[in-house]
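Commentary on secondary and tertiary structure
What follows is the residue order along each chain.
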Amino acid sequence: TMPMFSSVFVWLGSIASERGEYERCADAYAEALAVYEQLDGESRDQGQADVRQMTGFVAWLAGDLDRAEPLLEHALRGYAALGDAENVSSTRVHLAAVALYRGDLARARWLAEDALSHFTELDFKEGIAWAMDIAGRIALRSGQFRRAATSLQASLGVHWEVGDR
């Protein structure tokens, strides 16, 4: 089936990403997106948002902020339209990282705090850990060293709690 076919490309992209082969990863995600574009309804919309989020994240990892940001913004709109609160918050964490690396600390802080608030409401521990991590990095970049240490230490505790090693 088409969704299964697109999943193969997503897995290939994820494997390439783990290996640091970001161009190969982006190619696989582009193939997955092309398959999702042929579907109808919520499967298409969810698949497109997922692939755009993953592609945006990988572009950020590769240092291509100009490519990452619009992909993540597009994914954010898709998740919001679907009412997918968890992925809206995850995408905001990624966008906070992009804003941090661009030096837009006010935007980065807002995105991280908003994501942390929603992850806390959802009681999604892994999301809480990542939002605390990026909030700590933002505080560090802002010269708020105590706040950074507190946030990063709390993040590590939650990561440990959920099994991230």
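Refer to the structure printed above.
Residues numbered from 1 in each chain as written. Predicted model: local features only at pLDDT ≥ 70, side-chain atom pairs only at ≥ 80, totals over all residues. Heavy atoms only, no water.

Another point: the overall build of the chain. The number of helices and strands found in the chain is eight helices and zero strands. Ordered by position from N to C terminus, the α and β elements of the chain give α-α-α-α-α-α-α-α. Taken over C-alpha atoms, the radius of gyration comes to 16 Å for the chain, in line with the 15 Å a tight globule of 165 residues would show. Considered along the principal axes of its C-alpha atoms, the chain spans approximately 50 × 30 × 30 Å. By sequence separation, contacts in the chain at least 24 residues apart represent 51% of the contacts at least 6 residues apart. About 9,100 Å² of surface is accessible on the chain, with carbon and sulfur atoms providing 54% of the total. Of the side-chain charges in the chain, 16 are positive and 25 negative, and the distance between the mean point of each set is 7 Å. (Helix = DSSP H or I, 4+ residues; strand = E, 2+ residues; numbered from the N terminus. Rg over C-alpha atoms; globule rule 2.2 N^0.38 Å. Contact = heavy atoms within 4.5 Å. Areas by Shrake-Rupley, 256 points an atom, 1.4 Å probe, with all protein chains shown as cover. Lys, Arg positive; Asp, Glu negative; His and termini not counted. Charge placed at Lys NZ, Arg CZ, Asp CG, Glu CD.)

With 18 residues, helix H8 (residues 145-162) extends 26 Å between its outermost C-alpha atoms, agreeing within 8% with the 26 Å of an ideal straight helix rising 1.5 Å per residue. Inspection of H8 places Ala148, Ser151, Ser155, Val158 and His159 among the buried residues, and these make up the whole buried set. An end-on view of H8 places all buried positions within 105° of arc, on one side of the element. Turned more than 90 degrees away from the buried face of H8, the exposed residues are Phe145, Arg146, Thr150, Gln153, Leu156, Trp160 and Glu161. Its buried side turned inward, H8 meets helix H7 (125-141). (Expected span 1.5 Å × (residues − 1). Buried < 20%, exposed > 50% of the residue type's maximum accessible area, 1.4 Å probe, protein only. Arc of directions from axis to C-beta.)

On to the pattern of salt bridges. When charged atoms on two side chains of opposite charge get close, those side chains can pair. Counted according to the given criterion, the structure contains ten salt bridges. The partner of Asp45 in a salt bridge is Arg44, with the nearest N and O atoms 2.9 Å apart. Using a relative accessible area of 26% as the deciding quantity, one classes Arg44 as partly exposed. Residues participating in the shared-partner salt-bridge network are Asp66, Glu69, Glu73, Arg102 and Arg107. (Salt bridge = Lys/Arg side-chain N within 4 Å of Asp/Glu carboxyl O.)

Moving on, we get to the environment of Ala85. Within the secondary structure layout, Ala85 lies in helix H5 (residues 85-102). Here Ala85 falls in the partly exposed class, since its relative accessible area comes to 36%. Spatially, the C-alpha atoms of Ala85 and Arg44 are 18 Å apart, while their sequence positions differ by 41 residues.

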